[in-house]
Every structure is written in structure tokens, then in C-alpha cells.
Amino acid sequence: MNRIECLEGVRFNYVEMQGKDVTETYVAWMNDPLITRYMESGGGETIGSVRKFVNGLFYNDDAYLFAIIDKENKQHLGNIKIYCSNFFHQRGEVGIMIGNRSYWGKGVATEAIKIITYFGFDVMKLKKISAGCHANNYGSIRAFQKSGYEIEGVLRKNNYFEGGRVDGVVLGVLPD
Ligand SMILES: CC(C)(COP(=O)(O)OP(=O)(O)OC[C@H]1O[C@@H](n2cnc3c(N)ncnc32)[C@H](O)[C@@H]1OP(=O)(O)O)[C@@H](O)C(=O)NCCC(=O)NCCS
């Protein structure tokens, strides 16, 4: 299996994660409702459940989960994942979580999405990459748009959100 161990960005490094790299800090992010309120998972996580999730990606040849590491202080700030969702159509999907809240709004997601998207096209040979967001997750939508993604559709009342339903937004990007 050919794994990519590390990608280098301008401010951050992207280091592929294995189950053994999961820390209590990462588990705490997955149990923080402020972080997971717009995510598809989270709450009730344990070190075992998170390790299982991370290893599931690590042992999948067509999925990558990278820890986002600040080059200056070596802190683990969050994760970004990419996986091939359809081989025949060469489509991929990206998901991101900046768990260290003191880094929100400082351009982490924008750099990470750009790097992983380039990786998806260049190394994974994808021809289309998409991402899904809650329509009220303005920071996420903006980070994807700043990285070249365009809104391609709205999925009506697609997501549970704090006792109600909100629309989902699908964003996509092409290699050119
Ligand atoms: C959403 C998230 C990925 C954004 O990451 P980030 O590193 O803070 O994003 P960036 O700093 O790259 O910001 C991108 C743009 O969004 C804006 N932005 C960030 N957070 C925002 C918010 N809460 N509301 C409005 N705009 C916001 C930034 O100002 C920036 O726009 P600008 O350059 O025009 O000013 C991050 O907050 C996060 O991981 N949240 C928890 C998990 C999550 O929601 N993941 C996404 C699921 S789809």
C-alpha cells in the first residue's frame, strides 16, 4: 500500500493519521457540541471509537485523513479528509474539522482545503471533488468558496440542526 505520509503547505503540514495517533484532545473535539454542531458525527465518542474511525480510513487505499499541524509550534489544530466516493466517475469528497477553536477565522481551513484539493486531483486522479455543508455554516461555505469551490445545489431541509432542520449546500470543484 502506497501511503502519503505528509504534505507541506505554507503555514501548516498535513500528516496522515493512524489510530495510534488519536489523543484525548482529538476525542474532546468530537464531543464538543460547538465543534460538531454542523458535522455528520460527534457526541458520545471515546478513544476507541475515534481510533476505529481513523484506522478505517488509514486501511482504505482510497481515503486519507490528515492531521493539520502548525509548522511553528507543532500543534495539532484539526483534521481534513478526502476519499474517492465513486471510482467509475472519479469523484471525491472532502470533510474538515478545525478542532482548536483559537485558530478559527485564521485561514486554516482555506489553506487545508486548497492543499487537499490539489492532492485529490494530482495524486488521487479525481475529476470532481465535492463537499457538503449545512447552509448556515457560513465559515465552512466561505472557506470552500475561497478554495475554488462553487455552490452547485441546495438540498432542502437536509440536516438536523439543534432541534430543527436546515438546508444543505453542495459545493464542487473541477481540476481546471
Ligand atoms: C467551519 C471551519 C472549517 C472554518 O475554518 P476556519 O479555519 O475558521 O476558516 P478560515 O479561517 O479559512 O475562513 C474562511 C472564511 O470564512 C470566514 N469565516 C470563518 N468562520 C466564520 C463564521 N463562523 N461565520 C462567518 N464567516 C466565517 C472567514 O472570515 C474567512 O472569510 P474571509 O477571508 O472573507 O474573511 C471551522 O470553523 C470548523 O472546523 N468548525 C467546526 C467543524 C465544521 O463545521 N466543519 C465543517 C463541516 S462542513
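Residues numbered from 1 in each chain as written. Predicted model: local features only at pLDDT ≥ 70, side-chain atom pairs only at ≥ 80, totals over all residues.

S.K.: How would you explain the overall build of the protein if you had to name every residue and give the values?
M.R.: When its secondary structure is counted, the protein shows five helices and eight strands. Moving toward the C terminus, one meets the helices and strands of the protein in the order β-β-α-α-α-β-β-β-α-β-α-β-β. Taken against the 2.2 N^0.38 rule, which gives 16 Å for 176 residues, the C-alpha radius of gyration of the protein at 15 Å falls within 12% of a compact globule. Projected onto its principal axes, the C-alpha coordinates of the protein cover approximately 40 × 40 × 30 Å. Within the span of the protein, comprising 176 residues, buried residues form 30% of the whole. (Helix = DSSP H or I, 4+ residues; strand = E, 2+ residues; numbered from the N terminus. Rg over C-alpha atoms; globule rule 2.2 N^0.38 Å. Buried ≥ 20, exposed ≤ 12 C-beta atoms within 10 Å, placed from the backbone.)

S.K.: I'd like to hear about the nonpolar core, residue by residue, with values.
M.R.: Formed by 41 residues in total, the largest nonpolar core has its most connected members in F66, I68, A112 and I116. Among the elements that line this core, the one with the most residues is helix α4 (residues 108-122), at seven residues. Beyond its immediate sequence surroundings of up to four residues, I68 is in contact with F12, Y14, L77, G78, N79, I80, V108 and A112. (Core = buried A, V, L, I, M, F, W, Y, C linked by C-beta atoms within 7 Å. Contact = placed C-beta atoms within 7 Å.)

S.K.: I'd love a proper account of the environment of Q18, names of residues and values included.
M.R.: Here Q18 shows up in the loop between β2 (12-16) and α1 (24-30). With 49 residues separating them in the primary sequence, Q18 and A67 have C-alpha atoms 9.7 Å apart. Residues within four places of Q18 in sequence aside, it is in contact with V54, N55 and F58.

S.K.: Lay out the environment of Y149 in plain terms, naming residues and giving numbers.
M.R.: Note on placement: Y149 falls in the loop between α5 (138-146) and β7 (150-161). In this structure Y149 comes out as buried when scored by C-beta crowding, with 22 C-beta atoms within 10 Å. Sequence separation between Y149 and D167 is 18 residues, and the spatial gap between their C-alpha atoms is 18 Å.

S.K.: I'd like a rundown of the site of the ligand, residues and numbers included.
M.R.: Close to the ligand lie 22 residues, the nearest being I98, A109, T110, G139 and R142. Listed by contribution, the elements that provide at least two residues to the shell around the ligand are β5 (91-98), α4 and α5. It is α5 that contributes the most residues to the shell around the ligand, six residues altogether. When its residues are assigned to classes, the shell around the ligand shows twelve nonpolar, seven polar and three charged. (Near = placed C-beta within 6 Å. Nonpolar A, V, L, I, M, F, W, Y, C, P; charged D, E, K, R; others polar.)

S.K.: Any details on α5? Residues and values, ideally.
M.R.: Within α5, the full set of buried residues consists of S140, A143 and F144. Down the axis of α5, the smallest arc covering the buried residues is 95°, so these residues share one side. Against α4, β6 (128-134) and β8 (164-173) lie the buried residues of α5. Of the residues one or two after α5, G148 is the one with positive phi, at around 105°. (Arc of directions from axis to C-beta.)

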